Amino acid sequence: MPGPNLLDLSLSELLQALAAWGEAPFRARQVWEWAWRHLATKFDQMTNLPAGLRARLAESFTIGLPAVTARQADDLGTEKVLLSLADGQGVEAVLLRGGDRRTVCVSTQVGCPVGCPFCATGAMGFVRNLTPGEITAQVLHFARELREAGEHVTHVVVMGMGEPLLNYDSTLKAIHNLNEGRGFRLGARRITVSTVGVVPGILRLAKEDLQVNLAISLHAPDDALRRKLVPLGERWPIAEVLAAADRYAHATGRRVSYEYVLLAGVNDHLDDARALAALLRGRLAHVNLIPFNPSPGLPFRAPAAGTVDAFRRALVESGVDATVRRSRGVAIQAGCGQLRVSSARRPDSPHLST
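Residues numbered from 1 in each chain as written. Predicted model: local features only at pLDDT ≥ 70, side-chain atom pairs only at ≥ 80, totals over all residues. Heavy atoms only, no water.

*Asks:* Hey, could you run me through the overall build of the protein chain in this one?
*Replies:* What the protein chain contains, in helices and strands, is 11 helices and 12 strands. Here the C-alpha radius of gyration of the protein chain, 21 Å, is about what a compact globule of 354 residues would show, namely 20 Å. Referenced to the eigenvectors of the C-alpha coordinate spread, the extents of the protein chain come out at roughly 70 × 45 × 40 Å. The 354 residues of the protein chain split such that 53% are buried. Entry remark: accessible area of the protein chain is about 15,100 Å², with carbon and sulfur atoms responsible for 50%. Charge-centre separation for the protein chain: the mean point of 40 positive side chains lies 2 Å from the mean point of 34 negative side chains. (Helix = DSSP H or I, 4+ residues; strand = E, 2+ residues; numbered from the N terminus. Rg over C-alpha atoms; globule rule 2.2 N^0.38 Å. Buried < 20%, exposed > 50% of the residue type's maximum accessible area, 1.4 Å probe, protein only. Areas by Shrake-Rupley, 256 points an atom, 1.4 Å probe, with all protein chains shown as cover. Lys, Arg positive; Asp, Glu negative; His and termini not counted. Charge placed at Lys NZ, Arg CZ, Asp CG, Glu CD.)

Here you go:
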């Protein structure tokens, strides 16, 4: 049986593990730097470690490297990969190129337990949570690729498959490992966590003393419509979600982004825009309007460009900052709401705990 994934450990856990072997702390820090800064894929690459330690590490741990089983790219430099995990499950991750930004969109679950009807991932159902190492391996995969071109990952958005705050502990550990100053050193303000509004998770995140960006998928200005579009709206109504978001903004000083997928004839009316503005006016908030990205089998369509622009103008004229986010990678099913693995094996019963 393969050993534990080194990428699942925090630095403090690695220090403890090697201390139990009688190794000095600086040896653990060397291992950490090899894995996270130098992006080592094998222990024998860690050439400043004694041969005996390298051998023991190889016997005791693995460096989790999901295999790429499919790859697609578009003409704008967006790249999507399907990664095969150790148990045969798969997840998709996306690299977005734009200007000097190199953004990796990562998944936190195989499938998703929320089941939003306009999201291809939700149509998969829920299979399992990812471990911290499986989350960060998606970033490290693209980091190695970018390094060959003399580039590096500049941002991470936790917006791929799954609901991050329903896999809170693994998501948070992955963020800390990417942020840790002796290794990958990705600034917290360059990381965005997206949630459909898992209130307990938002409140926990507000207490973490992390400057990550928070994005909340709202998609409707009232509870009746939101319950149809976001099933977890049954558990946490809009007022509770906004109160938790306000708590996050107050604790961090960070503006909260509200994601709003525009669905033609469903939530794109000017009355919807005015109602949304009434909810958000006066808050430390920004609205990202996302015209629906088509996915096979989903019975929705994007509004006309004029409708999208009118919705945005209604928000801005009502005092709410708003922009239209044109999703990249739509042609290769890599846009918002399009990620899906058709061959995922589902367990008997989904897990929806918080």
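*Asks:* How should the pairing of strand β4 (residues 101–105) be read in this particular structure?
*Replies:* Walk down a regular strand and you will see the side chains alternate between the two sheet faces. When you tally the buried positions in β4, you get four out of five residues, the bulk of the element. In this structure, strand β3 (residues 90–98) lies alongside β4, joined through five bridges in antiparallel fashion. If you follow Leu 96 over to β4, its bridge partner there is Thr 103. Connecting β3 to the antiparallel partner β4 that follows it, the hairpin turn spans two residues, and Gly 99 within it adopts a positive phi of roughly 60°. Two elements, β4 and strand β7 (residues 155–158), share three bridges in a ladder whose sense is parallel. Residue pairing for β7: Thr 103 is matched across the bridge by His 155. (Pairing = 2+ DSSP bridges.)

*Asks:* What's the story with unusual backbone geometry in this structure? I'm lost.
*Replies:* Excluding glycine, a negative phi dihedral is what most residues carry, and trans is how most peptide bonds are arranged. Of note, Leu 39 is a non-glycine position whose phi angle comes to about 60°, a positive value. With respect to the helices and strands, the residue Leu 39 is situated in the loop between α2 (25–36) and α3 (51–60). Take Leu 39: its relative accessible area is 7%, and that puts it in the buried class. Positioned with a positive phi, Arg 185 is a non-glycine residue whose angle comes to about 60°. Mapping Arg 185 onto the fold places it in the loop between α6 (168–179) and β8 (191–195).

*Asks:* How should I be thinking about the environment of Phe 61 in this particular structure?
*Replies:* Within the secondary structure, Phe 61 is located in the loop between α3 and β1 (67–73). A relative accessible area of 10% means that Phe 61 is categorised as buried. Along the chain, Phe 61 and Leu 7 lie 54 residues apart, while their C-alpha atoms are 9.5 Å from each other. If we ignore the near neighbours within four places in the chain, the residues touching Phe 61 are Gly 3, Pro 4, Leu 6, Leu 9, Ala 17, Trp 21 and Phe 43. (Contact = heavy atoms within 4.5 Å.)

*Asks:* What is the right way to look at helix α11 (residues 305–317) in this model?
*Replies:* Each turn of an α-helix holds 3.6 residues, which means side chains three or four residues apart point in the same direction. Taking 1.5 Å as the rise per residue, α11 with 13 residues should run 18 Å; its terminal C-alpha atoms sit 18 Å apart, in good agreement. Of the positions making up α11, those classed as buried are Val 308, Ala 310, Phe 311, Ala 314 and Leu 315. Take α11 and look down its axis: the buried residues cluster within an arc of 165°, on one side only. Opposite the packed face of α11, turned more than 90 degrees from it, sit the exposed residues Ala 305, Gly 306 and Glu 317. On its buried side, α11 packs onto β10 (256–262), α10 (270–280), β11 (285–291) and β12 (322–324). (Expected span 1.5 Å × (residues − 1). Arc of directions from axis to C-beta.)

*Asks:* Even after reading the chapter, I still don't get the environment of Val 94, so can you show me in this structure?
*Replies:* Take Val 94: it is sitting in strand β3. Looking at Val 94, the relative accessible area reads 1%, which means it is buried.

*Asks:* How do you make sense of the confidence of the model for the protein chain when you look at a structure like this?
*Replies:* Low-pLDDT portions of the prediction should not be read for the details of their coordinates. Mean pLDDT over the protein chain works out to 91, with 92% of the residues at or above the 70 mark. With pLDDT under 50 throughout, residues 343–354 is counted as low confidence; its partners more than four residues away or in other chains account for 28 contacts. (pLDDT = per-residue confidence, 0-100.)

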